[in-house]
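As a plain string of letters, each chain reads:
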Amino acid sequence: MTTRRGLLLIAAAVIVALVTWWVWPSDSAPAQRMTAGPYRVQLTVGGGSAHTGDNTAELEITDQQGKPAAPDRVSVEPAMPQMGHAVPPATATTVTPGHYRAAVNLPMPGQWEIAVNLSGPQGAGRATFSVRAN
């Protein structure tokens, strides 16, 4: 009986360790790049490590040929659909041609979806990025 209990405890510890490893946020996440209508968007949140609270969202926006694009409007909308949370959209400001920045608040840790909305002379687009905040 004691051997069986010991094996069950070891199995439980291994499962807990694997689940923790699987859901624990990474210290650094690579920038993500997606197509949004006529634009290509690269998003980096929190310098590559999104965290609970205030973060900076850095956006590199190009046309399909890779040249800096200048949409008239760029906004970011964080949401956590699995928890029913949404944060009001934040307007991104131009830093340099093709480089935009917005402040986003992620009020709790976990998996967030950040939608980037763009519109300008080339057209409109939307890209949704998956970001884990710790």
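Okay, so let's go over this structure. (Residues numbered from 1 in each chain as written. Predicted model: local features only at pLDDT ≥ 70, side-chain atom pairs only at ≥ 80, totals over all residues. Heavy atoms only, no water.)

## Considering the pairing of strand S4 (residues 73–80)
Okay, so step 1: Here S4 pairs with strand S9 (residues 110–120) via 7 bridges, running antiparallel. Paired with Ala 79 across the two strands is Glu 113, which belongs to S9.
Okay, so step 2: As paired elements, S4 and strand S6 (residues 90–91) share 2 bridges and run antiparallel to each other. Looking at the pairing, Ser 75 lines up with Thr 91 of S6. (Pairing = 2+ DSSP bridges. Helix = DSSP H or I, 4+ residues; strand = E, 2+ residues; numbered from the N terminus.)

## Focus on the sheet that holds strand S3 (residues 53–63)
Okay, so step 1: Taken together, the 5 strands give an open sheet; going across it, the order is S1-S2-S3-S8-S7, and neighbouring strands pair in antiparallel fashion. Unpaired on one side and paired on the other, strand S1 (32–36) and strand S7 (93–96) mark the two borders of the sheet. The sheet shows a mean angle of 35° between the axes of neighbouring strands, direction not considered. (Axes fitted to C-alpha atoms, helices over the stretch in contact; angles between N-to-C directions.)

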